[in-house]
Amino acid sequence: MLKLSDLKDGQSAVLLHFDESENKNVFQEMGIIPGELITKLFEAPLGDPIVIKASDTRLMIRKKDAALIFVATK
Amino acid sequence: MNSGAGANKRVAIVGNPNSGKTTLFNRLSGLNQKVGNYPGVTVDKVEGYFSHDNQKVTLIDLPGCYSISSRSEDEKVTSDFLNGGDYDVILYVGDSTNLKRSLFFFTQLYSFGKPLVLALNFQDEADKKGVNIDVKNLQRQLDVNTVSISAKKNSGIDELKRSINEANSVSKNEDFNQLSILKRYEALDQLLHGSVVKSEQDHYSVTDKLDKVLVHPIWGYLFFLLILGIIFQMIFYVSEYPMMAIEKLFLIAESFISTSLPEGPFTSLLAKGIIPGLGGVLVFIPQIALLFFFLSLLEESGYMARVSLLTDKLMRPFGLNGRSVIPLISATACAIPAIMSSRTISNYKERLLTIFVTPLISCSARLPVYTLIIALVIPDEKIFGFIDMKGFTLLFLYLLGFLFALITAAVLSRFFKKNEQSIFVMELPKYRFPSFRNSLLIILEKVKIFVFDAGKVILAISIVLWVLSSYGPNTDQNGETIMTSISEVENISESYAGKIGKSFEPIIEPLGYNWKIGIAIITSFAAREVFVGTLATIYSVSEENTTGLKERMMQEINPDTGLPVFTLATGISLLIFYVFALQCISTIAVVKRETKGWKWPIIQLVYLSLLAYSSAFLAYNFLS
């Protein structure tokens, strides 16, 4: 299954669900919610964290955390 | 409820980070601000005031949050305050350019049963980007006084003040009771559907373009180095002029008082204790003001979040945050503003870790000590024929401090972070033009905090140190011990500090020091550079005459061995001692102020003293 951390720069995908329930709320309260279209914009120069576009904001997220988020490309 | 005209109305300001909440707070209260404490936490309680139509309003600026469920210490302050109920109205600051995300937290606030006021900030940006908000419709649907504003451009502020005054009835909205996160978003989506018309224009087009350069693998780091360079120049060189002026002013005051007031203990206390003590507090203001001026520009422009993005991977192994880089670099000038600037680190443990290791970075006050000792013991030779030994030693000392800062952070973070939820998601806000007015208010707040909070401790300790070094025990005609002013006992070695320094000798002898160095170590607790001045006094040469001091110190012979006191071993041992030791009361006072208690400064003092002592001991025994 595809994870948010697997996306290539500029690639968009729909968020399906989260791996762990405990962290789920942190993501959701910041606007990372299932059904939403998420775009991976680019990676930090050192490869981590990554920058994503979700509900009209830009968020940075570490790769290991992005690996907890499952997505599907259209 | 005290909502009648004339009574004081208490308003809690809440909102997401980057919503312009503090800019609005500064806009509403201007210079009428006061910083206090919340019991038991390190977060400052910032209150402001304004009057509108005879109604006095107190504003409480709460830390930014994304929801009511608290995770960090800052967020806990917000939820505890809201649960505590000591306020009449909640003013929520929303982002007009991203209503859905920013109103999520807002919809949770109905449960507190208070009147709510909604300020939709960044109205100017929303207008430009073609976002059209039907405020009247939104107000009706939310049952909340709603005002479109721009805190930076000062628009809608009067209307907002009026709305705050008129907010007397509890806001209710049955739609948002007891909803799960996703259901809450759904309800909000439906509600916004009729009130917000968005254009397809992307708000981030400028930001995305700037990020292509500012977080570019090469240009991004070059720009970051440039920013660090500017900050370093400002607090290292530019601040030197106002600092010199302040010092000069206090010297004039000192000599004016000593010459114009009748001689006596009171004049001496005023001229030699209180005035220099006050000067020792105020001299930090230029550095603090300059550093916070730049930090507020970086924070408000949105660049600070990019610093985290650039350095997160580098700092993570040491348990530090990307934002720790700025305090650590600033500390090469002075630990005081550096420790205060660690406030921009939102994670409490990372902030504490940064504060803890910051004094290990060699500051400018160590330079006179390093220079004197290096000149004394390091030979004028070249390594491999081209590397200057003296310069190399100086570089080694700076690197040693930096290395141990990282090692200490790495070790300590293992203890700190055991049970912490380690998820890291952070918003990359839009780049925005910062407001100078806001920066000036931030500088004022920080300077006030330093002078009135840390300043008290610094002044008190410097007076104690003054008493210790200017009075000494003496015997009167009846054979009883009395306290005598040092001018009468001639020599600093006869003072209390001198006596302590001498009784200290057995403890510092294993490091290769004699009692003269012991006295200088004690007096230099006031500030490290005092070390040089004290030695000059002991060797009775004028402080400006450093070559004279150097020669006298070189000639010093150890009476037991008949060999010079300042050997290479003693010198290196002393240098290493000063790299590690927390020889600075101002740092201790500021750490106490920033961690809101004596626990951390004491742990830090013990740790750094032990580290200094044992490494100096090892260095001395290895070299002699």
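Parameters at a glance
Residues numbered from 1 in each chain as written. Chains lettered and ligands numbered in written order. Predicted model: local features only at pLDDT ≥ 70, side-chain atom pairs only at ≥ 80, totals over all residues. Heavy atoms only, no water. Helix = DSSP H or I, 4+ residues; strand = E, 2+ residues; numbered from the N terminus. Rg over C-alpha atoms; globule rule 2.2 N^0.38 Å. Buried < 20%, exposed > 50% of the residue type's maximum accessible area, 1.4 Å probe, protein only. Areas by Shrake-Rupley, 256 points an atom, 1.4 Å probe, with all protein chains shown as cover. Lys, Arg positive; Asp, Glu negative; His and termini not counted. Charge placed at Lys NZ, Arg CZ, Asp CG, Glu CD. Contact = heavy atoms within 4.5 Å. Phe/Tyr/Trp six-rings, centres within 6.5 Å; stacked < 30°, edge-to-face > 60°. Lys NZ or Arg CZ within 6 Å of the ring centre and 35° of its normal. Pairing = 2+ DSSP bridges. Axes fitted to C-alpha atoms, helices over the stretch in contact; angles between N-to-C directions. Buried area = accessible area lost by both parts, 1.4 Å probe. Salt bridge = Lys/Arg side-chain N within 4 Å of Asp/Glu carboxyl O. Polar contact = N/O pair within 3.5 Å; in protein donor to acceptor, adjacent residues only side chain to side chain. Patch = residues over 30% accessible without salt bridge, like charges linked within 9 Å, V, L, I, M, F, W, Y side chains within 5 Å. Left-handed = near helix turned anticlockwise from the far one by under 90°. Core = buried A, V, L, I, M, F, W, Y, C linked by side-chain atoms within 4.5 Å. pLDDT = per-residue confidence, 0-100. Disulfide = S-S within 2.5 Å. Expected span 1.5 Å × (residues − 1).

### As for the overall build of chain A
Inference 1: From N to C terminus, chain A includes two helices and five strands.
Inference 2: Helices and strands appear in chain A in the N-to-C order β-α-β-β-β-α-β.
Inference 3: At 11 Å, chain A has a C-alpha radius of gyration in line with the 11 Å of a compact globule built from 74 residues.
Inference 4: Overall, chain A is about 30 × 25 × 25 Å in size when its C-alpha atoms are taken along their principal axes.
Inference 5: Across the 74 residues of chain A, 54% fall into the buried class.
Inference 6: On chain A, roughly 2,900 Å² of surface is accessible, and the fraction owed to carbon and sulfur atoms is 49%.
Inference 7: Taking the 10 positively charged and 11 negatively charged side chains of chain A as two groups, their mean positions are separated by 5 Å.

### So, the overall build of chain B
Inference 1: In terms of helices and strands, chain B carries 28 helices and 14 strands.
Inference 2: For chain B, the residues scored as buried account for 55% of the 624 residues in total.
Inference 3: Of all intrachain contacts in chain B linking residues separated by at least 6 positions in sequence, the fraction that spans at least 24 positions is 72%.
Inference 4: Accessible surface, chain B as shown: approximately 27,400 Å² in total, 61% of it carbon and sulfur.
Inference 5: Here chain B holds 57 positive side-chain charges and 56 negative ones, and the gap between their average locations is 6 Å.

### Notes on unusual backbone geometry
Inference 1: Each neighbour pair has its own omega, and for Asp48 of chain A with Pro49 of chain A the value is -5 degrees, a cis peptide bond.
Inference 2: Within the secondary structure layout, Pro49 of chain A lies in the loop between strand S2 (37–43) and strand S3 (50–54).
Inference 3: With a phi close to 65 degrees, Asn154 of chain B is a non-glycine residue in the positive phi region.
Inference 4: Relative to the assigned elements, Asn154 of chain B resides in the loop between strand S8 (145–148) and helix H6 (157–166).
Inference 5: For Asn154 of chain B, a relative accessible area of 43% corresponds to the partly exposed category.
Inference 6: Of note, Lys596 of chain B is a non-glycine position whose phi angle comes to about 55 degrees, a positive value.
Inference 7: With a relative accessible area of 25%, Lys596 of chain B lands in the partly exposed category.

### Digging into the environment of Glu494 of chain B
Inference 1: Inspection of the secondary structure puts Glu494 of chain B in the loop between helix H20 (486–489) and helix H21 (496–503).
Inference 2: For the pair formed by Glu494 of chain B and Ser469 of chain B, sequence separation is 25 residues and the distance between their alpha carbons is 8.8 Å.

### Side note on the packing of aromatic side chains
All names here are of chain B.
Inference 1: In this structure the tally under the stated criterion is 18 aromatic pairs over all chains.
Inference 2: Here the aromatic rings of Phe293 and Phe294 are separated by 5.6 Å at their centres, their planes lie at 80 degrees, and the arrangement is edge-to-face.
Inference 3: Relative to Phe580, the ring of Phe404 has its centre 4.8 Å away and its plane inclined at 65 degrees; by these criteria the two rings are edge-to-face. Of the two residues, Phe404 is situated in helix H18 (residues 389–416) and Phe580 in helix H26 (residues 568–580); the sequence distance between them amounts to 176 residues.
Inference 4: Directly above the ring of Tyr87 sits Lys114, whose terminal nitrogen or CZ lies 4.9 Å from the centroid.
Inference 5: Note that Arg432 overlies the ring of Phe122, its terminal NZ or CZ placed 3.6 Å from the centroid.

### A look at the sheet that holds S2 of chain A
Strand pairing in a sheet is mediated by backbone hydrogen bonds. Such pairs are either parallel or antiparallel.
Inference 1: Spatially, the six strands line up as an open sheet ordered S5(A)-S1(A)-S2(A)-S3(A)-S4(A)-S12(B), and their pairing is antiparallel. At either end of the open sheet lies a strand with only one pairing partner, and these are strand S5 (69–72) of chain A together with strand S12 (425–427) of chain B. The sheet shows a mean angle of 40 degrees between the axes of neighbouring strands, taken without regard to direction.
Inference 2: Taken together, the three bridges between strand S1 (residues 12–18) of chain A and S2 of chain A define a ladder with antiparallel strand orientation. Bridging across to S2 of chain A, Val14 of chain A finds its partner in Leu37 of chain A.

### Thoughts on the interface of chain A and chain B
Inference 1: At the interface, 32 residues of chain A touch 38 residues of chain B.
Inference 2: Buried surface at the junction of chain A and chain B, both sides included, amounts to about 3,300 Å², of which 60% is carbon and sulfur.
Inference 3: Applying the counting criterion to the chain A and chain B interface returns four salt bridges.
Inference 4: Joining chain A to chain B, the criterion identifies 11 residue pairs in polar contact (both at pLDDT 80 or more).
Inference 5: Broken down by secondary-structure element, the contributors of at least two residues to the side of chain A that touches chain B are helix H1 (21–29), S2, S3, strand S4 (57–61) and helix H2 (63–66) of chain A.

### Some details on a nonpolar patch on the surface
All names here are of chain B.
Inference 1: Taken together, the side chains of Val213, Ile218, Trp219, Leu222 and Leu225 define a hydrophobic patch exposed on the protein surface, amounting to about 520 Å² of accessible area.
Inference 2: It is helix H9 (residues 219–238) that provides the largest number of residues to the nonpolar patch, a total of three residues.
Inference 3: You can see Ile218 is positioned in the loop between helix H8 (205–214) and H9.

### Quick word on the packing of helix H11 (residues 265–282) of chain B against helix H19 (residues 436–470) of chain B
Residues and elements named next belong to chain B.
Inference 1: At a closest axis distance of 8 Å, the pairing of H11 and H19 adopts a crossing angle of 145 degrees. The way H11 lies across H19 gives a crossing that is right-handed. Listed contacts from H19 to Ser268, Leu269, Lys272, Gly273, Ile274, Gly277, Leu278, Val281 and Leu282 of H11 are Phe450, Val451, Gly455, Ile458, Leu459, Ser462, Ile463 and Trp466.

### Details of the nonpolar core
Residue and element names in this part refer to chain B.
Inference 1: Residues Phe450, Tyr513, Phe531, Phe566 and Phe577 are the most contacted members of the largest nonpolar core, which totals 118 residues.
Inference 2: For this core, the element with the most residues is helix H12 (residues 285–301), which contributes nine residues.
Inference 3: Among residues more than four places away in sequence, those in contact with Phe531 are Val369, Ile373, Ile517, Ala520, Ile521, Ser524, Leu574 and Tyr578.
Inference 4: Counting 36 residues, the second largest nonpolar core, distinct from the first, contains Phe112, Leu116, Leu188 and Val196.

### Details of the confidence of the model for chain B
Residues and elements named next belong to chain B.
Inference 1: Averaged over every residue, the pLDDT of chain B is 86; residues scoring 70 or more account for 95%.
Inference 2: For the stretch residues 1–5, pLDDT sits under 50, and the model shows nine contacts to residues farther than four places along the chain or on other chains.
Inference 3: Reported confidences for the modelled complex are a pTM of 0.84 and an ipTM of 0.93.

### So, the sheet that holds strand S4 (residues 55–61) of chain B
Residue and element names in this part refer to chain B.
Inference 1: Pairing within the open sheet is mixed, and its seven strands lie in the order S2-S3-S4-S1-S5-S6-S8. On the outer flanks of this sheet lie strand S2 (33–37) and S8, each paired with one strand and no other. Between one strand and the next, the sheet's axes are offset by a mean angle of 25 degrees, whatever the strand orientation.
Inference 2: In this structure, strand S1 (residues 8–15) lies alongside S4, joined through six bridges in parallel fashion. Bridge assignment links Ala12 to a residue of S4, and that residue is Ile60.
Inference 3: Packed on one face of the sheet, H19 meets S2 and strand S3 (44–52) and runs near 45 degrees to S2.

### Regarding the state of the cysteines
Residue and element names in this part refer to chain B.
Inference 1: Using the criterion set out here, one finds zero disulfides over all chains in the structure.
Inference 2: Unpaired in terms of disulfides, Cys584 finds its nearest cysteine sulfur in Cys363, a separation of 6.6 Å.
Inference 3: Owing to a relative accessible area of 9%, Cys584 belongs among the buried residues under this scheme.

### Structural notes on helix H2 (residues 73–84) of chain B
Residues and elements named next belong to chain B.
Inference 1: In a regular helix each residue adds 1.5 Å, so 12 residues correspond to 16 Å; H2 covers 16 Å between its end C-alpha atoms and thus fits that length.
Inference 2: All of the buried residues in H2 are Glu73, Asp74, Glu75, Val77, Thr78, Ser79, Phe81 and Leu82.
Inference 3: Of the surrounding secondary structure, the elements contacted by the buried residues of H2 are S1, S4, strand S5 (89–95) and helix H16 (348–357).

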